[in-house]
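# Structural overview for review
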Amino acid sequence: MTFFSAALGTATRNSEGKIIEAWFPQPILNPSAELVAQLKDAGYTQGNQVIELSGADAIKLTSAFEGYELNQKLAGSEQPLVLVVLEADSKPESVAEAYLKLQLISHRLVKPHGLSLEGMFGLLHNIAWTSEGAIDIPDLPKRQLAARLAGRHLSVDSVDKFPKMTDYVVPTGVRIADTARVRLGAYVGEGTTVMHEGFINFNAGTEGVSMIEGRISAGVTIGNGSDLGGGCSTMGTLSGGGNIIISVGENCLLGANAGVGIPLGDRCTVESGLYITAGTKVAVLDDKGEVTEVVKARELASKNDIVFRRNSQTGQVQALTNKSAVELNSELHANN
């Protein structure tokens, strides 16, 4: 039988002993049958399973994770650990499973929309992400008091269901100006630069070299070579119950404060300040600049080589052939 994933990691528990987050430094996609067989020594039986381990039990896993150096180091820890084995990609049933799936995406082992995350919001709850790690909200006042009495300052960076990605995964070849703006579960392609106002949500991201100064909402993917200008936005699939998957193709440009609510093909440009939704009426122009038809923007979804602009005199939204592709400055966007 082919298994989906296996991972050994550390977990944080609240005052009631419940796991509120888990970190997996070296998750394994498609583990071998031999590895799964050895994991049975740690208590794995069948199906998708989360096993909380004592230090003694974890030592037994050392040989199982041969070739996975970081996991081997964890296996010798005296701290409580958690082992997650996923036989199949079904909706997560525990916090540890959800955190493993988010980290599989951020490790670039699985692309956005490649995993079942159904019901994840119901599993996760708001956590105080602090200078002393994850703290459950009911436990926060006592932890703050204890820190003050010990002469320490406990800083609360955010209160959210999701932590920042870089506390768990730092992908190779990326530049992130403000790490708090990239959530765990983001897929950040090699060569991507995320500037200070750029944002990438979970189950979303970039496939390669991109400049991100705008917002990549949940579920949205950006193709190689594309540029999202300052303040621009992509419409996600969470708000309003939408089910259309928005994507931006390769070598596209979204101008400053622009936005898209339809998938874009390759080499498309959206003028600064123009927000295209599925129902936006768009006049299609021929090579002579004459209007050939007026359609809803959804009819132009995923088509290549289109410039979307607004006529400065009439306000009419227009679409015409893009005759110049976007080319990112290779020196400016080098991340090595």
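See above for the structure.
The rules we used
- Residues numbered from 1 in each chain as written.
- Predicted model: local features only at pLDDT ≥ 70, side-chain atom pairs only at ≥ 80, totals over all residues.
- Heavy atoms only, no water.
- Core = buried A, V, L, I, M, F, W, Y, C linked by side-chain atoms within 4.5 Å.
- Buried < 20%, exposed > 50% of the residue type's maximum accessible area, 1.4 Å probe, protein only.
- Helix = DSSP H or I, 4+ residues; strand = E, 2+ residues; numbered from the N terminus.
- Contact = heavy atoms within 4.5 Å.
- Phe/Tyr/Trp six-rings, centres within 6.5 Å; stacked < 30°, edge-to-face > 60°.
- Pairing = 2+ DSSP bridges.
- Patch = residues over 30% accessible without salt bridge, like charges linked within 9 Å, V, L, I, M, F, W, Y side chains within 5 Å.
- Areas by Shrake-Rupley, 256 points an atom, 1.4 Å probe, with all protein chains shown as cover.
- Salt bridge = Lys/Arg side-chain N within 4 Å of Asp/Glu carboxyl O.
- Axes fitted to C-alpha atoms, helices over the stretch in contact; angles between N-to-C directions.

## A closer look at the nonpolar core
General note: in soluble globular proteins, nonpolar side chains tend to be found buried as a group. The biggest cluster of nonpolar side chains holds 69 residues, and the ones touching the most others in it are Y99, L264, V270 and F308. Elements supplying a minimum of two residues to this core: β2 (19-23), β5 (81-86), α4 (95-106), β6 (127-130), β10 (186-188), β24 (281-285), β26 (306-310) and β27 (317-321). Among the elements that make up this core, the one with the highest residue count is α4 (8 residues). Apart from residues lying up to four places away in sequence, Y99 is in contact with I20, E21, A22, F24, L124, W129, K161, P163, Y168 and L184. A6, V36, L39 and I51 belong to the second largest nonpolar core, which has 20 residues in total.

## What to know about the packing of aromatic side chains
Summed over the entire model, instances satisfying the criterion amount to 4 aromatic pairs. Ring centres of Y99 and Y168 lie 6.1 Å apart, and the angle between their planes is 40 degrees; on these two criteria the pair is classed as tilted. Note that Y99 is positioned in helix α4 and Y168 in the loop between β8 (156-160) and β9 (175-176), a separation of 69 residues in sequence. Residue Y168 is classed as buried on the basis of its relative accessible area of 10%. Centroid distance F121 to F202: 5.8 Å. Interplanar angle 50 degrees. Geometry classified as tilted. Here F121 is found in helix α5 (residues 120-123), whereas its partner F202 is found in the loop between β12 (199-200) and β13 (204-206), with 81 residues between them in sequence. On the basis of relative accessible area, F121 is assigned to the partly exposed category, the value being 38%. According to the relative accessible area criterion, F202 is buried, its value standing at 6%.

## Section: the pairing of β27
Relative to β27, β24 is paired through 2 bridges, and the arrangement is parallel. Within the sheet, the bridge partner assigned to A283 lies in β27 and is Q318. Relative to β27, β26 is paired through 5 bridges, and the arrangement is antiparallel. From the neighbouring strand, R309 faces β27, where its bridge partner is Q318. The loop that links β26 with its antiparallel partner β27 comprises 6 residues; one of these, G315, has a positive phi angle of about 80 degrees.

## Examining a nonpolar patch on the surface
On the surface, a cluster of nonpolar side chains totalling about 210 Å² of accessible area is made up of I137, V156 and V159. Position of V156 among the secondary structure elements: in strand β8. For V156, a relative accessible area of 34% puts it in the partly exposed group.

## Focus on the pairing of β24
The buried fraction of β24 is high, at 4 of 5 residues. Alignment of β24 against strand β25 (residues 291-296), held across 5 bridges, turns out to be antiparallel. Note that in β25 the partner of K281 across the bridge is K296. Once β24 ends, the chain turns through 5 residues before running back antiparallel as β25, passing G289 with a positive phi of about 85 degrees.

## Concerning the environment of K323
Along the chain, the position of K323 falls in the segment after β27. Look at K323 and you get exposed, because its relative accessible area is 72%. A sequence separation of 181 residues divides K323 from K142, and the C-alpha atoms of the two residues are 62 Å apart.

## As for the sheet that holds β13
In a beta sheet, neighbouring strands pair by backbone hydrogen bonds and run either parallel or antiparallel. Taken together, the 4 strands give an open sheet; going across it, the order is β10-β13-β16-β19, and neighbouring strands pair in parallel fashion. Each edge of the open sheet carries a strand with a single partner, namely β10 and β19 (247-248). Of the strand pairs in this sheet, β13 and strand β16 (residues 221-222) are connected by 2 bridges, and their pairing is parallel. What sits directly across from T206, in β16, is I222.

## Looking at the sheet that holds β8
The sheet built from 3 strands is open, its strands ordered β7-β6-β8 with antiparallel pairing. The open sheet terminates on both sides in strands that have one partner only, identified here as β7 (133-136) and β8. Along the sheet, successive strands turn relative to each other by an average axial angle of 25 degrees, direction set aside. Examined bridge by bridge, β6 and β7 share 4 bridges and lie antiparallel to one another. Within the sheet, the bridge partner assigned to W129 lies in β7 and is A134.

So, to be careful, I would describe these as geometric facts and stop short of saying anything about function.
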